[in-house]
Protein chains: 2
Amino acid sequence: MPPITIRRITTRDARFQLKPGEGVDAVHTRPQYAYAVALLETDSPLTGTGLALTLGEGNELVCSAIQMLGETLAGCELEELMSRFGSVFHQMAEHPCLRWLGPHKGVVHLALAALTNACFDLWAKARRLPLWKLLLELSPAQVLALLDLSYLEDVLLPADVLSMLEGRLKFRPTLEKVLSGGYPGYDTSVGWFNYSDATIENNVLSALENGFHAFKLKVGSPDSARDIRRAFRLREIAGEDSFIMLDANQQWSLPRAVEICSQLARMNPFWIEEPTHPDDILAHQALVQKAAPLRFAVGEHLPNRVVFKNYMQAGAAHFIQVDCTRVGGVSEFITISLLARRFGLPVVPHVGDMGQVHQHLVLFNQVALGHQALFLEYIPHLQPYFVFPARIKDGLYQVPQEPGSSSDLKS
Amino acid sequence: MPPITIRRITTRDARFQLKPGEGVDAVHTRPQYAYAVALLETDSPLTGTGLALTLGEGNELVCSAIQMLGETLAGCELEELMSRFGSVFHQMAEHPCLRWLGPHKGVVHLALAALTNACFDLWAKARRLPLWKLLLELSPAQVLALLDLSYLEDVLLPADVLSMLEGRLKFRPTLEKVLSGGYPGYDTSVGWFNYSDATIENNVLSALENGFHAFKLKVGSPDSARDIRRAFRLREIAGEDSFIMLDANQQWSLPRAVEICSQLARMNPFWIEEPTHPDDILAHQALVQKAAPLRFAVGEHLPNRVVFKNYMQAGAAHFIQVDCTRVGGVSEFITISLLARRFGLPVVPHVGDMGQVHQHLVLFNQVALGHQALFLEYIPHLQPYFVFPARIKDGLYQVPQEPGSSSDLKS
């Protein structure tokens, strides 16, 4: 394969109007879905595409930050870059001036996510492999070289990463089985916050027909009775065997979360997601203890590996919903997945990318890291805008075969 | 006083070149000091000025975010606005789209800091009072109405705030004593990271002559021996009676912090600042326990009241260095100061504003909240650029008398 050099970093501010009610939750009351897109132009016909999700307003800030941070990548030869991506990531994340705007959070870290994701997309396209396959073909040492493990020295050393990856090599034969069957998606789009009871009922019945057995309902109403009524009603419609996830999108205070969770427990939710502020690790820890045996999921708004580490150390969550369009992209996603393995926690990504990139990453997690939870959020609203939209059949994510990370948007 | 209405929000991207070595630490290796300035133009001759600090590159992102978030303020009458500022702050902080870029951290929260600070500056100018005096003239209920206490319900309720403020009213007579004498500054500018031993020695001797008895040294060298040698040398120069603060600016991993702190303990630092990543609450907690009785300071990079609450609950810091140019401005500064009182911890602000606004806020903290640590960082590098630069005499901050928050920059 001839060398490919990154020539220029450009951006696209891509915003998509949703239909009324789509994407609305207790906190995000008038979303667009928008991508700050990092585009890596090269001296070949290939372009790397990387996404960071925003809700519309402010997307241009992330695009500007992509330009600022991306300068590091101009002129880099791709294979050389990816052979030491962990140190390049570190250099961008530790930019001596832009770091002040985080560190490792907010607009600049979203920009880093888009840039990182674009590097991985370009790499997979250059090797003519779907991203999951590229990642699975790497040696443990090559995977390690992708990662920035700084600030994890108390729990995850390079030697730990190598031994975790090497220890899984003998299980690779299970790969075939996984890949042939696809893996279940769960449908977030049935139960947006403002949907009427009748709409939710119709959505769930039609999702059941399409093979889904797991659904999400948005809660966090000012009126707890509404949340409770809708949750129990969804259980009735979906049946005892379905998984139901309840998502408060950070709307509750800790005392309120404790109170309402005690009532929601009886409809047996699979998890309760983002009960309160994502920075409030100790509130989550207290809630986990007070509301046992209810299980809690966080990650949609956790910005980096350090915060995830704290959640894991504190026993403050049961499901790790890391999102590669929020943390610093594919490589920090892998780092956090390794952390989760270390702490024995399942990774079930939040899909700011609508599952496009994460459909690759959960395969890597299962096969290379031994994560058991092969289960992925599904949100169909942006399907028409992707060149290769994720394919779901009978409720199962089909394994993508096109080269790259499935991130390209139609122009 | 006639009503004043905010007509227009504008911004200034103000960047100041430092002299070689100034402002350099282990992590921020080529700083400018820059302010994203929020300017509130009114239907009167008065303009409100609010600052958020950055290190130069990326400052324009904060300016853009100020414009986006600031729309809420256009058309507001000032006294009406400040009579319910807590709810206006909440509305801006919970912006349903821009919130995604945080929440409550990074570029958008820095923008909120600048806007909040501009509101308080304008308010004090309109009342022709220095900010400290305006704040001290407010009733407990009026102070409460300035605050957004959401996500603190587990530790600080409105009734708690009122009783804390009311309980202090009888101590107000101590005010006169405080105000006449000034209060000590500590000199951060003696020991920047790349200063030679000789420069530091000269700086400390000259600061001692100017009445300072407290100094900061930047540590975090790749070579621990350098840090240790310089710290012990500074103790020799400054004498046993001086306070010496060591600042690692997040450079250490937890294991490295434990190791080096055990050696630094013997030169008796007053505190060790930002030993590791500011998101790593549990690493700070572990360090506090392992390095006892050493004391640790954090806050320069903690973005909001929720993170501060977690640090306090975890017993992960001894000194709270909240900075009103990092958290959401004056009102969140006060909220965090109230939290600190609740947990019995001293507030010694980091001065992203070079002490201009904080010289007012520490007076409020002492008189209205009973914070005992009347002690404030001093950095002189931007003195020539402020209209009313903070005045230090014999190492003591002199109490500002000009109306406003002392934030105006020369044009």
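Residues numbered from 1 in each chain as written. Chains lettered and ligands numbered in written order. Predicted model: local features only at pLDDT ≥ 70, side-chain atom pairs only at ≥ 80, totals over all residues.

What about the overall build of chain A?
Then, in step 1: Check the secondary structure of chain A and you find 15 helices and twelve strands.
Then, in step 2: A globule of 411 residues ought to have a C-alpha radius of gyration of about 22 Å, and chain A, at 20 Å, matches this closely.
Then, in step 3: Projecting the C-alpha coordinates of chain A onto the three principal axes gives extents of approximately 60 × 45 × 45 Å.
Then, in step 4: By the burial criterion, 58% of the 411 residues in chain A qualify as buried.
Then, in step 5: Long-range pairs, those at least 24 residues apart, make up 75% of the contacts in chain A with a sequence separation of at least 6. (Helix = DSSP H or I, 4+ residues; strand = E, 2+ residues; numbered from the N terminus. Rg over C-alpha atoms; globule rule 2.2 N^0.38 Å. Buried ≥ 20, exposed ≤ 12 C-beta atoms within 10 Å, placed from the backbone. Contact = placed C-beta atoms within 7 Å.)

Let's talk about the interface of chain B and chain A
Then, in step 1: Across the contact, 47 residues belong to chain B and 47 residues belong to chain A.
Then, in step 2: Elements represented by at least two residues in the side of chain B that touches chain A include exactly helix H1 (59-70), helix H4 (106-126), helix H11 (254-264), helix H12 (281-290) and helix H13 (305-313) of chain B.
Then, in step 3: For the side of chain B that touches chain A, the residue count by class is 24 nonpolar, 15 polar and eight charged. (Nonpolar A, V, L, I, M, F, W, Y, C, P; charged D, E, K, R; others polar.)

Regarding the sheet that holds strand E3 (residues 47-54) of chain A
All names here are of chain A.
Then, in step 1: Read across the open sheet, the three strands follow the order E1-E2-E3; overall the sheet is antiparallel. Two strands in the sheet have a free side with no partner beyond their single neighbour: strand E1 (6-16) and E3. For this sheet, the mean angle separating the axes of adjacent strands, direction not counted, is 20°.
Then, in step 2: Pairing geometry for E1 and strand E2 (residues 33-42), over ten bridges, is antiparallel. The partner of Arg12 across the bridge, within E2, is Val37.
Then, in step 3: Running at roughly 170° to E1, helix H1 (residues 59-70) makes contact with E1, E2 and E3 of the sheet.
Then, in step 4: In the packing of helix H4 (residues 106-126) onto the sheet, the strands contacted are E2 and E3, and the crossing angle to E3 comes to about 150°. (Pairing = 2+ DSSP bridges. Axes fitted to C-alpha atoms, helices over the stretch in contact; angles between N-to-C directions.)

Here's the deal with the packing of helix H10 (residues 224-238) of chain B against H11(B)
All names here are of chain B.
Then, in step 1: Interaxial distance between H10 and H11 falls to 10 Å at its minimum, and their mutual angle equals 25°. With respect to H11, the element H10 is oriented roughly parallel. The chirality of how H10 crosses H11 is right-handed. For the pair H10 and H11, the contacting residues are Ser224, Asp227, Ile228 and Ala231 in the first and Ile260, Gln263 and Leu264 in the second. (Parallel < 35°, antiparallel > 145°, perpendicular 65-115°, else oblique. Left-handed = near helix turned anticlockwise from the far one by under 90°.)

Remarks on the relation of the copies chain B and chain A
Then, in step 1: Rotating chain B by 180° and translating it 0.0 Å along the rotation axis places it on chain A, where the RMSD comes to 0.0 Å. A rotation of that kind, with that shift, is consistent with a two-fold axis. By C-alpha distance to the rotation axis, the residue of chain B lying nearest is B:Gly106, at 2.2 Å.
Then, in step 2: Here 100% of the interface residues in chain B have copies in chain A that are interface residues too; the copies meet face to matching face. (Least-squares fit on C-alpha atoms with pLDDT ≥ 70 in both.)

Focus on the packing of H13(B) against helix H14 (residues 330-342) of chain B
Residues and elements named next belong to chain B.
Then, in step 1: For the pair H13 and H14, interaxial distance at closest approach is 10 Å and the crossing angle is 15°. As the angle between them shows, H13 and H14 are arranged roughly parallel. Crossing angle aside, the handedness with which H13 passes H14 is right-handed. Where H13 abuts H14, its residues Arg305, Phe308, Lys309 and Met312 lie against Glu332, Thr335, Ile336, Leu339 and Ala340.

These results come straight from atomic positions and should not be treated as a statement about function.
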